Amino acid sequence: MRVAMIGAGYVGLVSAACFSEFGVDVTCVDKDTDKIARLEGGEIPIFEPGLADLVSSNVNGGRLKFSSDLAPAVAGANAVFVAVGTPSRRGDGHADLTYVYGAAEEVASALDGYTVVVTKSTVPVGTGDEIERILRTSRPEGTFDVVSNPEFLREGSAINDFMRPDRIVIGTDSERARDVMRQLYRVLYLIETPIVFTSRRTAEVIKYASNAFLATKITFVNEIADLCESLAADVHDVARGMGLDGRIGRKFLHPGPGYGGSCFPKDTVALARTAEAVGARLRIVETVIEINATRKKRMADKIIDACGGAIDGKAIAVLGLTFKPNTDDMRDAPSLAIIPALIQAGASVRVFDPEGMAEAKKLLDGVVWCGSAYETVAGADALAVLTEWNEFRALDLARLKSLMRAPVICDFRNIYNPSQVAAAGFHYSSIGRPAIRPSALSNEGTP
Ligand SMILES: NC(=O)c1ccc[n+]([C@@H]2O[C@H](COP(=O)([O-])OP(=O)(O)OC[C@H]3O[C@@H](n4cnc5c(N)ncnc54)[C@H](O)[C@@H]3O)[C@@H](O)[C@H]2O)c1
């Protein structure tokens, strides 16, 4: 089997490497010639654990190639995967399909023999129909099928997610195309991964509905966390008590500063716009979008409160910039809303992230870039943890305190033990757990 993977981003590159690991011949194509040159030189342009080794072993095995020349890769392929970006369209929030349709035009002119054209990008319902129309207009006699095969991998654990998915969704009514897809995913079929065959439109809905549900679950627990703060309850215990119920499940019940990343923010908005356009509004999703946007901004107020109500002239140390750990992806990260609000309130902001600094430098202005966690907190009036990188979990609290000007920690990922932090003499503010001041310990014992 031969595959052309169009797009060498987070999804395209991981999918290309994983298919080649399954024994498929893959050419991964990107129009970004610099990206392709780096890949050809053995460099991985993104940070994704395990990806460098997987790419190099399959390149060495002759199963994985990179190219910026789409036509030959498509001409020789049994299946062409479209894995290009679908960002939010400026102004209205609909998915911007410029890259998808651009890729479809290029694929159309290069098709040679029966080919399955597969949409891996997250695309609104009806996009597969439009791709088919583009291909048919350009190639009236062409033999092809257009299939929807949405991707559910998560950055940071992308390889494992691709290799051991909970399910594979394949949307097509063509039995010939199903056969090709079955062969491509044969390795996963053999380990009994559920394969959900549906119509193309249904597959497109499954992807958006899944992301919207997960974003809703996060937002739900975020609001429960706020309630816990007001009621002196602990959201961790609440989430555990809820999550052990098999109908609810434990995953995605971790409160935080609001969801971010390359998918949930844009996909929830695109789904709401699609629903609106067909007169079937999704009011829960609309509310989730609104709550999440205001939540990120409110996190800056929480830091200001922890600092006594004003941060003008103060130094705030921020640890973690990416939207989650184990990725360098900065798209829609909460840090991009919180840090400018801190600067606006008069603070100087010192920042550090283990892998996201290069991307963050393209998006954040007016901060002090630091080389380590301890360097970041030097002279700070408060520390805000925005991303739960493992290396932040084990910081030496006594050392932090000795370096900081004021002992204040805003732990927006709840990575510290409240009583330990308070015992070390910090004012501790977290998400969904009662704030603790050191004096509370001496007056009232361990909280
Ligand atoms: N990132 C994720 O975690 C994730 C997970 C599931 C689904 N998705 C979806 O997958 C799609 C891709 O996301 P991503 O994060 O990999 O995007 P990305 O921005 O990292 O990568 C997209 C790549 O496509 C390339 N490209 C654009 N047009 C092209 C063309 N005509 N020919 C060749 N290359 C072209 C770009 O240069 C870029 O390298 C999106 O629809 C996204 O919603 C992403």
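Residues numbered from 1 in each chain as written. Predicted model: local features only at pLDDT ≥ 70, side-chain atom pairs only at ≥ 80, totals over all residues. Heavy atoms only, no water.

1. A word on the overall build of the protein
Move 1: The helix and strand inventory of the protein stands at 20 helices and 14 strands.
Move 2: For 447 residues, the compact-globule estimate of 2.2 N^0.38 gives 22 Å, and the protein sits close to it at 24 Å.
Move 3: Across its three principal axes, the protein shows a C-alpha extent of roughly 80 × 50 × 45 Å.
Move 4: The buried share of the protein, reckoned over its 447 residues, is 53%.
Move 5: Summarising the internal contacts of the protein: among those between residues at least 6 apart in sequence, 72% fall at separations of at least 24.
Move 6: Of the roughly 19500 Å² of accessible surface on the protein, a fraction of 50% belongs to carbon and sulfur atoms.
Move 7: When the 49 positive and 56 negative side-chain charges of the protein are each reduced to one mean point, those points stand 3 Å apart. (Helix = DSSP H or I, 4+ residues; strand = E, 2+ residues; numbered from the N terminus. Rg over C-alpha atoms; globule rule 2.2 N^0.38 Å. Buried < 20%, exposed > 50% of the residue type's maximum accessible area, 1.4 Å probe, protein only. Contact = heavy atoms within 4.5 Å. Areas by Shrake-Rupley, 256 points an atom, 1.4 Å probe, with all protein chains shown as cover. Lys, Arg positive; Asp, Glu negative; His and termini not counted. Charge placed at Lys NZ, Arg CZ, Asp CG, Glu CD.)

2. So, the packing of helix H12 (residues 264-277) against helix H13 (residues 283-306)
Move 1: The N-to-C vectors of H12 and H13 enclose an angle of 145 degrees; their axes lie 9 Å apart at closest approach. In the packing of H12 onto H13, the handedness of the crossing is left-handed. Here H12 contributes Thr 268, Val 269, Ala 272 and Glu 276 to the contact with H13, which in turn contributes Val 285, Glu 286 and Ile 289.
Move 2: Tallied by class, the residues present in the contact of H12 with H13 amount to 4 nonpolar, 1 polar and 2 charged. (Axes fitted to C-alpha atoms, helices over the stretch in contact; angles between N-to-C directions. Left-handed = near helix turned anticlockwise from the far one by under 90°. Nonpolar A, V, L, I, M, F, W, Y, C, P; charged D, E, K, R; others polar.)

3. With respect to the site of the ligand
Move 1: Around the ligand, the structure places 27 residues, and the nearest of them are Asp 30, Lys 35, Thr 86, Glu 155 and Lys 266.
Move 2: Relative to its unbound accessible surface of 840 Å², the ligand loses 90% to contact with the protein.
Move 3: Among the elements of the structure, helix H1 (10-21) and helix H5 (98-110) are those that each provide at least two residues to the shell around the ligand.
Move 4: Taken together, the residues of the shell around the ligand sort by class into 10 nonpolar, 7 polar and 10 charged. (Near = heavy atom within 4 Å.)

4. As for the environment of Asn 160
Move 1: As for its position among the elements, Asn 160 is in helix H7 (residues 158-163).
Move 2: Between the alpha carbons of Asn 160 and Pro 49 there is a distance of 9.8 Å; along the sequence they are 111 residues apart.

5. Here we look at the layout of surface pockets
Move 1: Looking at the second largest pocket, its volume works out to about 300 Å³.
Move 2: Lining the second largest pocket are 13 residues, and of these Pro 265, Val 269, Ala 293, Lys 296 and Asp 332 sit closest to its centre.
Move 3: Of all the elements in the fold, those that place two or more residues in the lining of the second largest pocket are H12 and H13.
Move 4: Among the elements that line the lining of the second largest pocket, the one with the most residues is H13, at 5 residues. (1 Å grid on protein atoms, 1.4 Å probe; cavity = no way out; pocket = protein on both sides within 12 Å on 5 of 7 lines; lining within 4 Å. Points joined across faces, edges and corners; volume = space filled by probe spheres on them.)

6. Section: the packing of aromatic side chains
How two aromatic rings sit relative to each other is set out by the distance from centre to centre and by the angle between their planes.
Move 1: Overall, the coordinates contain 10 aromatic pairs when judged by the stated rule.
Move 2: Judged by centre distance (5.2 Å) and plane angle (55 degrees), the rings of Phe 19 and Tyr 185 are tilted. Of this pair, Phe 19 sits in helix H1 while Tyr 185 sits in the loop between helix H8 (175-184) and helix H9 (186-190); the two residues are 166 residues apart in sequence, bridging distant segments of the chain. Each of the two residues, Phe 19 as well as Tyr 185, counts as buried. (Phe/Tyr/Trp six-rings, centres within 6.5 Å; stacked < 30°, edge-to-face > 60°.)

7. Observations regarding the state of the cysteines
Move 1: Summed over all chains, the structure comprises 0 disulfides.
Move 2: The thiol of Cys 18 is unpaired, and the distance to the nearest cysteine sulfur, on Cys 28, comes to 12 Å.
Move 3: Accessibility expressed as a relative area gives 0% for Cys 18, which makes it buried. (Disulfide = S-S within 2.5 Å.)

8. Quick word on the pattern of salt bridges
Any two side chains of opposite charge can pair if their charged atoms end up close together.
Move 1: With the rule as written, the count across this model stands at 24 salt bridges.
Move 2: For Arg 182, the salt bridge goes to Asp 179, with nearest N and O atoms at 2.8 Å. Here Arg 182 and its partner Asp 179 are both found in helix H8, 3 residues apart, which amounts to about one turn of the helix.
Move 3: With relative accessibility at 37%, the residue Asp 179 sits in the partly exposed group.
Move 4: Two residues, Arg 413 and Glu 388, come together in a salt bridge whose shortest N-O distance is 3.4 Å. Of this pair, Arg 413 sits in the loop between strand S13 (408-411) and helix H19 (418-423) while Glu 388 is found in the loop between strand S12 (382-385) and helix H17 (390-393), placing the two residues 25 residues apart along the sequence.
Move 5: Look at Arg 413 and you get buried, because its relative accessible area is 17%.
Move 6: Within this structure, Asp 129, Glu 132, Arg 200 and Arg 201 form a network of salt bridges that share partners. (Salt bridge = Lys/Arg side-chain N within 4 Å of Asp/Glu carboxyl O.)

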